[in-house]
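A look at the structure
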Amino acid sequence: MTPRRVALLKGGPSLERQVSLRSAARVEDALERLGVDFVSIDVGRSLVDDLRASAADVAFVALHGRGGEDGTVQELLEIVGMPYTGSGVLACMRCMDKVLTKHMLLEEGLPTPDFFAFSEIAFKELGAGEALPAIEERLGFPVVVKPAAQGSALGIKFARSAADVPEALIAAFSYDDRVLLERHVQGRELAVSLLEDEDGVRALPVVEAIPEQEYFYDFEARYEIGKTEFLCPAELPDDVASRAHDLAVSVFRLLGCYGFARVDMILSDDDELQVLEAQAIPGLTDTSLLPQAAEAAGIRFEQLVEKMLDQALARKAAPATAG
Amino acid sequence: MVPLDEGPTHLKDRHQTTSHEIERYAGLFAKRTRHMRSSAMRDLMEITARPDVISLAGGLPDTSSFPPETFAAITDKIARRSCASALQYGPTEGFTQTKECIVEVMAAEGMRADIDDIVVTTGGQQAIDLVTKTLIDPGDVVICEAPTYPGAVPTFCSYEADVIQIEMDSEGMRVDLLEETLARLDREKRRPKFIYTVPTFQNPAGVTLSAPRRSRLVEIARERELLVLEDNPYGLLRYEGEPLPPLHALDGGEYVIYLGTFSKILSPGLRLGWVTAPGPVLSKIKLGKQAADLCSSSLTQQFVELYFEEGRWRRYVQDLCGIYRQRRDAMLDALAEFFPREAEWTQPGGGLFIWATLPDFIDTGDLLAKALREEHVAFVPGSAAYVDGRGGSSMRLNFSGADVDGIVEGVRRIGKVVNEQIALFSTFAGPERRTETDRRAPETQPAPPEDAAPLADVVELPRRGGERRAQGS
């Protein structure tokens, strides 16, 4: 199914605007190579008008972070009645909110590191500060402090001792009004990308991110060429790779994702897989993991873009049950 | 020499980037690119350009104060008088007439320079680059202030310099700490190549090196046969007090390399600065410039020449000083009104910047994300002015780029997010933790009372954190 005209949604006001612009630039190249007519829209106040004026029959959502990846833009696309790439409103909300994701994982019995989540209100109005020592004791150090809703590792801090926790909380609360404190699991960082087509969801080869710096694969490393080494496919025993694939597919289904997604996990030193989070709209930049995984599976970037569009148009024909 | 016509830059049939190619490119990168720092912060800084953001981040002069009719008259004159040569390559060291203007600007600050000692550069930034290129091998030591001009950091890093930063106080760089550091380097058999300093209305701290320290710095350079790179973009933007002699004037240009620019007194869009240096150094700089860009713009050099012919440049600088003085005062008043008691800031007698320091538990990089997200306001996080991760709780605020209303509103918004974080922090502290946070809390110095004596030319640069911040490197 070939779209007549694609509205490519990019940019927007989120903190990940630049990442989105880099993703979109690659998609624009791919669309040109595919000979698909498209119009790029830097999303802003006039989005609804821009969508209506675009005369497009499908939207490619190359947005990351707040607004673009959290269900907001998806909701508007539903209202305008334009099919779009990737997950629907509800799945986007579930992925964007790490706390919600983790609660769903727990309920389903899927592995995820121990955690506690707090809102700013809990501290300001309910005295949550008094609970911190008990939490620290239960999670042990180092503890990872994360904003509930922020991609790209912005605002994620390691607290190595109790003295580091308040500062880490302040940093995380700079990005969201809810944060989580998570047990740090020592191990290898794996990312499993998923791609759906008419035959169902399939997991692409596992990518391992090996940071140069100690401890952590930060925002900077994530997007700068040569800062983090990526191994794709990751060198894993077959059974581990297969467990990672199965786990990722379970997460994809649990959250109600559609079309594609990426599930980040840790392979702990004692060989357990633990899910950290899921990305509803993983990056498509030159250094992003989904395109690398696709390539390892023999899917070139423009084929990937084509598949994403196909799925979007297929959903129009038969609405997905979840999300 | 003449680039081939590469056609439109948006050419879309360039072939696909694959992860294999990324690896290949990464394998081709020079080692020094590892030292070229790039960051998430840069991504955030790009958001600051959004039209709905009040930016106190840039260092932008107010070019809207330049009369368009003057601009038109000058370009018209160029068209009639020297069209062909304005469109032509020029001498590497710059046009003699432009250098005569430079001699005039330097004289206005009490310096004597010979036109043969001057090389016109593409902005002051190129002068920093050329000096570093000329003097630094990987691992060589460059000494600079802490904090230092954020734009110099990537330059030093790209030549793989070992950058050592010297603390400042209200009188600028602590020359006693400089001497200690030099002695230590001696013992370690490391010889610094040059000391980079912005002695007057420093970027980012806004402080000025005192007269005794100026003399002592020049003596040290002479005794040790060390070069000093004096970067002086703001000397003429003085809003009160008497000027101090530039290091170049004290030393006569023997050990001082002097760097000036038209960016802040005329226009940064002209991309014109200059450097004067001892003869042998200048010859190398000239060769370096030839390799870098052959020559600076002939067109804008002629613009400067004709503008100076009209003799109004001093008046224009006075006009700018009037505008910026008012904006600085508005920012200082707004800081006193909207920033919390725990914050401190400098009170510059000139230049474009105020340096504010918040309690240690606030990382201004993260705070910028909150400020952009919730309040649509931007500043430069302090860590950009350090090579070693310090400066995390400081920020640079610019008062030349926004008008008075924008400045007041911008400071109000930043004050709001800072106050929110301080209030939130206080809720984290349980009884046993409170002792911990108290120990970590800064010794606060109250903000200056509103009826304070007239602002001194040089005022206290807030320092905090005792040992950690007091170390020279």
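The numbering scheme is per chain: residues are counted from 1 as the chain's sequence reads. For this description, chains carry letters from A and ligands carry numbers from 1, given in the order in which they are written. Only residues with pLDDT of at least 70 get local features here, since the model is predicted, and only at 80 or more are side-chain atom pairs given and counted; chain-wide, interface and lining totals rely on the full set of residues.

**As for the overall build of chain B**
Helix and strand definitions follow DSSP, with helices as H or I runs of at least four residues and strands as E runs of at least two, each counted in order from the N terminus. Helices and strands together make up the secondary structure of chain B, namely 16 helices and 14 strands. Sorting the 473 residues of chain B into buried and exposed places 45% on the buried side. Our contact criterion uses C-beta atoms placed from the backbone: two residues qualify when those atoms are within 7 Å. For chain B, the share of sequence-separated contacts (at least 6 apart) that also reach a separation of at least 24 residues comes to 78%. Each residue is classified by how many other C-beta atoms fall within 10 Å of its C-beta atom, where C-beta atoms are placed from the backbone; a count of 20 or more means buried, 12 or fewer means exposed, and values in between mean partly exposed.

**Thoughts on the overall build of chain A**
In terms of regular secondary structure, chain A is built from twelve helices and 13 strands. Both definitions apply: the radius of gyration is a C-alpha atom measure, and the globule rule equals 2.2 Å times residues to the power 0.38. Rg of the C-alpha trace for chain A: 19 Å, near the compact-globule value of 20 Å for 323 residues, within the 12% margin. By principal-axis analysis of the C-alpha atoms, chain A measures approximately 60 × 45 × 35 Å. Looking at chain A as a whole, 53% of its 323 residues qualify as buried.

**Some details on helix α11 (residues 289-296) of chain A**
Of all eight residues making up α11(A), seven are buried, and the element is well covered by its neighbours. Along α11(A), the residues that are buried comprise A:L289, A:L290, A:P291, A:Q292, A:A293, A:A294 and A:E295.

**A look at the pairing of strand β8 (residues 187-197) of chain A**
Residue and element names in this part refer to chain A. Of the strand pairs in this sheet, β8 and strand β12 (residues 260-268) are connected by nine bridges, and their pairing is antiparallel. By the bridge assignment for β12, R188 is matched with L267. Pairing between strands requires that DSSP locate at least two bridges from one strand to the other. Pairing of β8 with strand β9 (residues 200-203), which is carried by four bridges, proceeds in the antiparallel orientation. Bridging across to β9, E196 finds its partner in V201.

**Observations regarding the confidence of the model for chain B**
For residues with low pLDDT, the predicted coordinates do not support detailed interpretation. A residue's pLDDT is the predictor's confidence in that residue, given on a scale from 0 to 100. Looking at chain B as a whole, its pLDDT mean stands at 86, while 83% of the residues score no less than 70. Overall, residues 462-473 of chain B carries pLDDT values under 50, and its contacts beyond four positions in sequence, including any with other chains, amount to 23 contacts.

**So, the environment of B:L177**
All names here are of chain B. The topology assignment puts L177 in helix α7 (residues 175-187). Note on L177: 18 C-beta atoms within 10 Å, which makes it partly exposed. For the pair L177 and E374, spaced 197 residues apart in the sequence, the C-alpha separation amounts to 41 Å.

**A closer look at the sheet that holds strand β11 (residues 353-357) of chain B**
All names here are of chain B. Strand order in this open sheet of four strands is β10-β11-β14-β13, and the pairing throughout is antiparallel. The open sheet terminates on both sides in strands that have one partner only, identified here as β10 (344-345) and β13 (380-381). In terms of strand pairing, β13 meets strand β14 (residues 394-398) through two bridges, oriented antiparallel. Each bridged residue has a counterpart across the sheet, and for P381 the counterpart in β14 is M395.

**Some details on the nonpolar core**
Buried Ala, Val, Leu, Ile, Met, Phe, Trp, Tyr and Cys residues form a nonpolar core when they are connected through C-beta atoms within 7 Å. One finds A:L9, B:V228 and B:V275 to be the most contacted residues of the largest nonpolar core, which totals 213 residues. If we skip the residues at most four places from it in the chain, B:V275 touches B:V119, B:T121, B:A127, B:L130, B:V131, B:I257, B:Y258, B:L259 and B:I285.

**Quick word on the packing of helix α4 (residues 96-108) of chain B against helix α11 (residues 298-309) of chain B**
A packed helix pair is summarised by two numbers, namely the angle formed by the two axes and the spacing between the axes. Residues and elements named next belong to chain B. To define axes, lines are fitted to C-alpha atoms, for helices over the stretch in contact only, and angles between the resulting N-to-C directions are given on a 0 to 180 degree scale. Relative to each other, α4 and α11 sit at 55°, their axes nearing to 8 Å. With respect to α11, the axis of α4 lies oblique. In terms of crossing hand, the pair formed by α4 and α11 is left-handed. Between α4 and α11, the contacting residues are Q97, T98, C101 and E104 on the first element and Q301, V304, E305 and F308 on the second. Here the residues of the contact of α4 with α11 are counted per class, giving three nonpolar, three polar and two charged. Convention used here: angles under 35 degrees read as roughly parallel, angles over 145 as roughly antiparallel, angles from 65 to 115 as roughly perpendicular, and any remaining angle as oblique. Each crossing gets its hand from how the near helix is turned against the far one by less than a right angle, where anticlockwise is left-handed and clockwise is right-handed. In this classification, Asp, Glu, Lys and Arg are treated as charged, Ala, Val, Leu, Ile, Met, Phe, Trp, Tyr, Cys and Pro as nonpolar, and every other residue, Gly included, as polar.

**Description of the environment of B:V141**
All names here are of chain B. Tracing the backbone shows V141 in strand β3 (residues 141-146). For the pair formed by V141 and F361, sequence separation is 220 residues and the distance between their alpha carbons is 31 Å. If we skip the residues at most four places from it in the chain, V141 touches D162, I164, L185, R190, P192 and K193.

**Topic: the packing of helix α5 (residues 123-135) of chain B against helix α10 (residues 279-293) of chain B**
Residues and elements named next belong to chain B. Their axes nearest at 9 Å, the elements α5 and α10 cross at an angle of 115°. The orientation of α5 with respect to α10, classified from their angle, is roughly perpendicular. For the pair α5 and α10, the sense of crossing is right-handed. Across from Q126, L130, V131, K133 and T134 in α5, the residues of α10 making contact are V281, K284, I285, G288, K289 and A292. Looking at the contact of α5 with α10 residue by residue, the class counts come to five nonpolar, three polar and three charged.

**Some remarks on the sheet that holds strand β6 (residues 157-159) of chain A**
All names here are of chain A. Here we have four strands laid out as an open sheet, ordered β4-β7-β5-β6, and antiparallel in their pairing. Looking along the sheet, the strands with just one partner apiece sit at the ends: β4 (115-119) and β6. Between one strand axis and the next, the sheet turns through 25° on average, direction left out of account. Of the pairings in the sheet, the one linking strand β5 (residues 143-147) to β6 comprises three bridges and is antiparallel in character. Pairing of V144 across the sheet is with F158, part of β6.

**As for unusual backbone geometry**
In this structure, A:P233 follows A:C232 across a cis peptide bond, with omega equal to -5°. You can see A:P233 is positioned in the loop between β11 (228-231) and α10 (238-255). With an omega of 0°, the peptide bond running from B:A146 to B:P147 counts as cis. Looking at the secondary structure, you find B:P147 in the loop between β3 and α6 (152-158). Residue B:F201 is not a glycine yet carries a positive backbone phi of 50°. Checked against the element boundaries, B:F201 lands in the loop between β6 (192-197) and α8 (211-224).

**Topic: α10(A)**
Residue and element names in this part refer to chain A. An ideal rise of 1.5 Å per residue puts 26 Å on 18 residues; α10 measures up with 26 Å between its terminal C-alpha atoms. A244, L247, A248, V251, F252 and L255 are the residues of α10 that are buried. Burial along α10 is one-sided: seen end-on, the buried residues are contained in an arc of 140°. Exposed and oriented more than 90 degrees from the buried face of α10 are D238 and D239. Turning to α10, the residues buried within the fold contact α4 (89-96), α5 (98-108), β8, β9, β12 and β13 (273-279). Directly beyond the C-terminal end of α10, a positive phi value near 75° is found at G256. Given the number of residues in a helix, its expected span is that number minus one, multiplied by 1.5 Å. Our arc is simply the arc of the directions from the helix axis toward the C-beta atoms.

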